[in-house]
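Coordinate analysis (summary)
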Amino acid sequence: MFQDNPLLAQLKQQIQENLPKKEGTIKATEKGFGFLEVDSKTSFFIPPPYMKKCLHGDKVKAIIRTENEREVAEPEELLEQNLTRFIGRVKMFKGKLNVTPDHPQLKKQSLKAKVKKGLNPNDFAEGDWVVAHLIGHPLKGDNGFFVEISQKVTNADDKIAPWWVTLAQNDLPNSEPAGIDNWEIKDDADLERVDMTHVPFVTIDGESTKDMDDALYAKKLDNGDFALTIAIADPTAYITPDSEMDKVARERGFTIYLPGRNIPMLPRDLADELCSLMQDEIRPALCCTVTVSKDGVIGDDINFFAAHIKSHARLAYDHVSDWLENGESTAWQPSEEIAQIVRDLYQFSLARADWRETNAVVFPDRPDYRFELSEDNDVIAIHADMRRSANRLVEEAMITANICAGKTLQASFGSGVFNHHAGIKPEKVAEVIEMVNPNGELPFTAESIVTLEGFAALRRWLGAQESSYFDNRIRKMQTYSEIGNQPLPHFAMGLDIYATWTSPIRKYGDMINHRMLKAHILGKEPEQLADETVGEELALHRKHHNMAERSVSDWLYARTLAEEPAKATKFNAEIFDINRAGMRVRLVENGAAAFVPSSLIMDNKERIECNADNGTVSIDKQIEFRLGDTLEVVLADVNQENRSLVAKPTRVFAALESDAKQEAQTQASAE
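How each quantity is defined
- Residues numbered from 1 in each chain as written.
- Predicted model: local features only at pLDDT ≥ 70, side-chain atom pairs only at ≥ 80, totals over all residues.
- Heavy atoms only, no water.
- UniProt positions renumbered as here; feature names shortened; annotations may be inferred.
- Pairing = 2+ DSSP bridges.
- Helix = DSSP H or I, 4+ residues; strand = E, 2+ residues; numbered from the N terminus.
- Axes fitted to C-alpha atoms, helices over the stretch in contact; angles between N-to-C directions.
- Contact = heavy atoms within 4.5 Å.
- Buried < 20%, exposed > 50% of the residue type's maximum accessible area, 1.4 Å probe, protein only.
- Polar contact = N/O pair within 3.5 Å; in protein donor to acceptor, adjacent residues only side chain to side chain.

An unreviewed UniProt entry lists the protein under the name Exoribonuclease 2, with Vibrio panuliri as the source organism. Turning to the protein, the UniProt record has this under Sequence similarities (unreviewed entry): "Belongs to the RNR ribonuclease family. RNase II subfamily." Here the protein is described in UniProt, under the heading Catalytic activity (unreviewed entry), as follows: "Exonucleolytic cleavage in the 3'- to 5'-direction to yield nucleoside 5'-phosphates."

Printed below as a string of structure tokens:
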């Protein structure tokens, strides 16, 4: 009888208005209830009935009321919808289309769906992967959640699903750009190319590499210095800034590298053939010559020019490394001319590496993990490839080339596409000094480590320590590397300038730098400048590419390691992150990342503390694990649906006497 009473409705409205309200983010759980997280320390319980109005990640305004002597949150207004475009799987419910989002906190949500106009609902089956868009939300006044399917990604049982789904998830292309029938040289008419085909350049790449974009030549001079020439493939000879192909390259930003396959930025007939510096083929190139002293100092005689070059030898990393490290290679026997060039390049690289170790920053050697796949896309093996002599040789040549480009672009135009890094976050400087130099015994101060020289000295000191604990903690206090059009220093490399131009087949920013370097050669204004937006565009591309690479890797790791928990296989693991819930580790043998929850370290939560600020895990106030530590673990669970690994230490932490007594009593009761 009170159902339609207007006075009662008005009273209810007044009560609602007088109740406190909070804004926060929805955190869902697998058990149907959730939490409104207001900040890092404040959260409110959301009962299951109220959770039906919202989804994990939604930002909402909620009414805070007391129910059963407990404060609970009732979502009232949607501030920001978390789920918009998403990847999901088709679920048929009573013959009707539903979609379950591919997200750990949303996998139990079955959302009613329809297909976009032009698609046939009969083409979709249980488990198919789709792109969907959330178009109905209860907090928007809609009658429940509702989604529209805009695209079918692949079938439920497709073994290539990790790649197709990941690319679709990050809104990335899944194929190369379309080429054109007849590529033509479209250089500036005033750009003369020097004939360098007689110079015995060599390329050094992986055995399967097709898009070879750098060729090298070095000669050791009588005084011990080195005359270095770097030749880089020149796709800007074929692609003008106003062309449709340039627009495609800019939209892609980079070649996408995923385990087992890549999606090129440029058409393969250009990247793998016409521009690739193939042995015995004449190719247009942009070149740089410079003298590097026997002490590794880059000279002032930097000279950029356009040329026609010809690679005289196509070499492979492993063959060259075997030859340099062992004096021979069973797979490669060079001519004396090529052998001497490789020797001189190697001696140059040692001189530059020594200079950088003393004056800049050299990153520690870590393996590159590589999936070997069968023709049927099963993982055959996971290889941990360490950088070898030939890899370092090419790396030093490329770093030298990019320093030369940075100096030239800075001097000629004051702009370009530069990689830069600002060092320690300003708000973390005092904390870093307190950590590494609490007693003032070391030459590090708050004033020194904000300079390029002081930061580089700090990084060299960290690299020389027996433990990587400080190094790991301080890395979390550093800024991220950025891309921009201003010539700023790169603290992480210890260099005052750095502009890449050595991979224009694979990086759009390098194409821009090529055009600017050509303008420098001609003494003209560039036909394309690096504007303020290009750095943000490239950084966003790089972010999505990195996410895609990690996602495919996680999927393949989960597939490959699925049987390891049952086998109780032991792995060495390095701790790379610690948060209040536990720690994240990387398995040294294969590179897989796993989470170690605190409950699998010590099941008494009163005795264990995971301190994210200090990067430590303590039991009974005694530090047991720190960032950078290596420990032995076994996999406790491999969740293929969520593509996640859970590990636990093999080291058992003894219970306290009271814990042991309680455990004994429980066991006796059970018996």
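Now, onward.
Details of the pairing of strand β24 (residues 582-587)
Judged from the six bridges that link them, strand β23 (residues 570-579) and β24 form a sheet pairing that is antiparallel. In the strand pairing of β24, Ile575 is matched with Val585. Hairpin connection from β23 to β24: two residues lie between these consecutive antiparallel strands. Relative to strand β25 (residues 593-597), β24 runs antiparallel, the two sharing five bridges. Bridge assignment links Arg586 to a residue of β25, and that residue is Ala593. Hairpin connection, β24 to β25: the antiparallel pair is bridged by five residues, and Gly591 has positive phi, about 85°.

As for the sheet that holds strand β27 (residues 616-619)
One open sheet holds the three strands; their spatial order is β26-β27-β28, and the pairing between them is antiparallel. The two strands at the open ends of the sheet, each matched to only one other strand, are β26 (608-611) and β28 (622-626). Across the sheet, the mean angle separating the axes of adjacent strands is 25° when strand polarity is ignored.

Comments concerning the side chain of Thr616
With respect to the helices and strands, the residue Thr616 is situated in strand β27. The contacts of Thr616, once residues within four sequence positions are left out, are Tyr469, Ile578, Glu609, Cys610, Asn611, Ile623, Phe625 and Arg626.

Brief notes about the environment of Lys96
Locating Lys96 in the fold gives a position in strand β7 (residues 96-101). The class of Lys96 is exposed, set by a relative accessible area of 60%.

As for the side chain of Glu74
When you line up the elements, Glu74 lands in strand β5 (residues 70-80). Among the residues examined, Glu74 registers a relative accessible area of 12% and is labelled buried. Side-chain polar atoms of Glu74 contact the side chain of Arg65, separated by 2.5 Å. In this view, Glu74 contacts Tyr50, Lys53, Lys61, Ala62, Ile63 and Arg65; residues no more than four positions away in its chain are not counted.

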